[in-house]
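One letter stands for each residue in the lines below.
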Amino acid sequence: MGYLSKDTICAIATASGTAAISVIRMSGDKSHEIALSRYIKKGKELTLGNIIPNRMYYGEFVDNDNKSIDDVMITFFKAPHSYTGEDSVEIVCHGSVFIQNKILEILIDNGARLAEAGEYTMRAFVNNKMDLTQAEAVADLITSQNEAEHRVAMNQLKGGFSKELMSLRSQLLDLTSLMELELDFSEEDVEFADRTRLNAIVDDATEHIKKLTDSFRLGNSIKRGIPVAIVGDTNAGKSTILNALLGEERAIVSDIAGTTRDTIEETLNINGKTFRFIDTAGIRDTDDTIEKIGIERAFKKISEADIILGILDLNQSSDTYFKSAKFIISNVNLLKQKLILIFNKVDLNQQAMWMDTEYIIDNLRVAIERNIEDNGGYMLDEYKYSITGQDCYDIRNLIKYDFISAKNEEDIEKLKKNIAFYGRDLVVGENEVLVTNLRHYEALKKASESLMRVKEGLLSGLSTEFVAQDLKEVLYCLGSITGEISSVDVLNNIFGRFCIGK
């Protein structure tokens with residue numbers, strides 16, 4: 001790979017295909033020289049000596065035989081004041097595929113080479129224009145599909161995540177240095193690092209890292225789409241509802257029970273948020289081996305979802321669909337996940353419409369109370385529960401519900417609005433830092449494990465040498481996220497996923 005080379009590189013920066021205009025980028029020590037060899041300014045001659053950086057010039061781009069290729073606009077950037085931190089050039093030409101490729105060919109003939117995927121951003125990282133988390137945010141920004149994704153990527157690109165890590169590393173680095181100093185004076189039994197202060201900082205760092213790792217679920221939901229599991233009995237209408245939400249026949253719909261054997265995933269943008277709908281196998285007792293596997297996967301998807309749509313069949317008896325609702329409740333965490341019970345097929349049972357919140361809650365009370373207690377909360381009275389012992393919540397807010405007919409377009413539009421409303425809390429604040437990258441998450445988990453060993457070492461009176469080694473491991477893990485500590489293989493893996501031209 002040529003990532004760390006000093007070659008002058010070039011690439012088309014805009015999307016492939018024909019367009020009104022196209023941008024071709026070039027970066028490296030010879031970029032100005034190569035560009036001027038094939039560029040003729042309209043009016044006063046332009047030379048290396050009279051270029052004004054960051055100014056756009058109008059002129060003609062010619063081939064090696066001085067044959068005109070296109071009229072172009074060209075801008076020269078002087079190191080270190082460029083995206084890559086190197087001398088750079090941007091050529092704006094007409095969007096003809098022939099013109100784009102011809103200009104690229106001429107640049108290569110005159111000493112540049114074609115850039116590799118992510119090489120421009122890689123050079124920006126190497127030249128300290130951004131750290132590794134900011135570089136990765138560039139890729140996330142390019143692929144963002146909604147406002148939430150865009151906001152998270154922008155927060156990271158502006159250095160919000162980096163500042164959090166720098167603060168953590170700074171605290172731990174100071175104490176690591178003092179512990180190293182103790183080792184230098186070990187024969188004199190001198191203690192430079194105050195153990196009480198060290199314990200407090202370790203506790204603070206552990207809590208800080210936990211907050212970041214806990215944010216990964218939300219960050220991953222925003223990046224991939226908020227996961228919505230569609231669950232329920234066979235033939236309750238799960239696949240019909242998925243198809244209606246998507247507006248296409250994505251899942252097979254049949255009167256035969258057990259048609260859906262595996263999970264089906266599709267994304268849908270509702271009111272600026274991306275939701276990832278997961279249609280699961282119908283939950284029931286079965287001897288079919290393949291169907292059993294599908295049901296096991298359904299339970300796994302329920303545990304991973306932020307929102308669960310529990311589909312209930314109103315064409316059955318109330319005892320049957322409330323039994324299904326209780327079973328669904330027993331497989332979710334009402335204190336962390338949002339459950340929406342969808343009473344489907346209301347066209348076949350109009351009388352069910354009279355059911356209100358009090359009636360539904362009363363029928364499900366035992367299952368709800370057991371769920372609260374199983375997940376660390378406890379009941380205070382008939383409708384109130386607590387999690388911390390201080391706050392008081394109403395169980396009637398734990399479950400939302402809708403009455404719909406999956407065949408009715410108006411009901412489906414209402415359902416979409418309600419899903420977007422129920423997902424309103426799953427968004428990121430203006431300056432909130434979320435972990436969205438699996439590499440970052442894994443590094444933070446390792447740092448947390450090392451901090452636990454530090455804490456255990458301090459409590460057990462472990463020698464300074466071993467505690468210092470665990471602290472170094474924490475610093476290594478945090479440094480690997482921002483790129484202060486990295487290997488060429490890691491960098492190649494990260495930047496190899498970028499598009500060429502970025």
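Given the structure is predicted, the values throughout are model-derived calculations rather than measurements.

Taken N-terminus to C-terminus, the directions of helix 13 (residues 438-460) and helix 14 (residues 464-482) make an angle of 165 degrees; their axes are 8 Å apart at the nearest point. It follows that helix 13 is roughly antiparallel to helix 14 by the angle criterion. Here helix 13 runs over helix 14; the crossing is left-handed. Only Val467, Asp470, Leu471, Glu473, Val474, Cys477, Leu478, Ser480 and Ile481 of helix 14 make contact with helix 13, whose side of the interface consists of Arg439, His440, Ala443, Leu444, Lys446, Ala447, Ser450, Leu451, Arg453, Val454, Gly457 and Leu458. Its residues placed into classes, the contact of helix 13 with helix 14 shows twelve nonpolar, four polar and five charged.

Quick look at the confidence of the model for the protein chain now. In this model, the protein chain carries an average pLDDT of 82, and 86% of its residues clear a pLDDT of 70 or more. Predicted confidence for residues 251-261 stays below pLDDT 50, and this span has 30 contacts to residues more than four positions away or in other chains.

Within the structure shown, the criterion is met by 19 salt bridges. Close ionic contact of Glu119 with Arg113 constitutes a salt bridge, the shortest N to O distance being 2.6 Å. The burial state of Glu119 is the same as that of Arg113; both residues are buried. Close ionic contact of Asp313 with Lys345 constitutes a salt bridge, the shortest N to O distance being 3.1 Å. Of the two residues, Asp313 sits in strand 11 (residues 307-313) while Lys345 sits in the loop between strand 12 (338-344) and helix 11 (357-374), which places them 32 residues apart along the sequence. One salt-bridge network, held together by shared partners, links Asp7, Glu86, Arg113, Glu119 and Arg123.

This next bit is on the sheet that holds strand 8 (residues 226-232). As summarised here, the arrangement of the six strands in space is 9-10-8-11-12-16, forming an open sheet in which the pairing is mixed. Looking at strand neighbours, the two that pair on one side only are strand 9 (264-270) and strand 16 (399-403), the edges of this open sheet. In this sheet, adjacent strand axes meet at a mean angle of 25 degrees when their direction is disregarded. Across five bridges, strand 12 lies against strand 16 in parallel orientation.

So, about the packing of helix 4 (residues 132-143) against helix 5 (residues 147-157). Where helix 4 contacts helix 5, the axes come no closer than 8 Å and their chain directions differ by 160 degrees. Taken as axis vectors, helix 4 and helix 5 run roughly antiparallel relative to one another. Note that helix 4 runs across helix 5; the crossing there is left-handed. Between helix 4 and helix 5, the residues in contact are Thr133, Gln134, Glu136, Ala137, Val138, Asp140, Leu141 and Thr143 and Glu149, His150, Ala153, Met154, Gln156 and Leu157, respectively.

For the rest of this paragraph, the subject is the side chain of Ser450. Relative to the assigned elements, Ser450 resides in helix 13. On the accessibility criterion, Ser450 (1% relative accessible area) is buried. In this view, Ser450 contacts Asp470, Glu473 and Val474; residues no more than four positions away in its chain are not counted.

What follows concerns the pairing of strand 11. Most of strand 11 sits inside the fold, with seven of its seven residues counted as buried. Residues Ile307, Leu309, Ile311 and Asp313 line one face of strand 11 and the alternating positions Ile308, Gly310 and Leu312 line the opposite face, and both faces are buried. Pairing of strand 8 with strand 11 involves five bridges; the strand directions are parallel. Bridging from a neighbouring strand, Ala229 pairs with Ile308 of strand 11. As for the winding sense of the linkage, the β-α-β connection from strand 11 through helix 10 (residues 318-329) to strand 12 is right-handed.

On to unusual backbone geometry, then. Each neighbour pair has its own omega, and for Ala79 with Pro80 the value is 5 degrees, a cis peptide bond. With respect to the helices and strands, the residue Pro80 is situated in the loop between strand 5 (68-77) and strand 6 (88-95). A positive phi angle, close to 65 degrees, is found at Asn66, a residue other than glycine. Take Asn66: it is sitting in the loop between strand 4 (56-62) and strand 5.

Here Glu136 shows up in helix 4. There is a polar contact of 2.9 Å between the side chain of Glu136 and the side chain of Arg439.

Of all hydrophobic cores here, the largest spans 33 residues; its most connected members are Phe343, Met355, Leu364, Ile368, Ile395 and Ile399. Counting residues per element, the ones that place at least two in this core are strand 8, strand 11, helix 10, strand 12, helix 11 and strand 16. Ranked by residues supplied to this core, first place goes to helix 11 with six residues. What Ile395 contacts, discounting residues up to four positions off in sequence, is Ile361, Arg365, Ile368, Ile372, Met379, Glu382, Tyr383 and Tyr385. Counting residues in each nonpolar core, the second largest holds 29 residues, with Ile201, Val467, Leu471 and Val474 among its members.

About the thresholds
Residues numbered from 1 in each chain as written. Predicted model: local features only at pLDDT ≥ 70, side-chain atom pairs only at ≥ 80, totals over all residues. Heavy atoms only, no water. Axes fitted to C-alpha atoms, helices over the stretch in contact; angles between N-to-C directions. Helix = DSSP H or I, 4+ residues; strand = E, 2+ residues; numbered from the N terminus. Parallel < 35°, antiparallel > 145°, perpendicular 65-115°, else oblique. Left-handed = near helix turned anticlockwise from the far one by under 90°. Contact = heavy atoms within 4.5 Å. Nonpolar A, V, L, I, M, F, W, Y, C, P; charged D, E, K, R; others polar. pLDDT = per-residue confidence, 0-100. Salt bridge = Lys/Arg side-chain N within 4 Å of Asp/Glu carboxyl O. Buried < 20%, exposed > 50% of the residue type's maximum accessible area, 1.4 Å probe, protein only. Pairing = 2+ DSSP bridges. Right-handed = clockwise from strand over helix to strand, strands pointing away. Polar contact = N/O pair within 3.5 Å; in protein donor to acceptor, adjacent residues only side chain to side chain. Core = buried A, V, L, I, M, F, W, Y, C linked by side-chain atoms within 4.5 Å.

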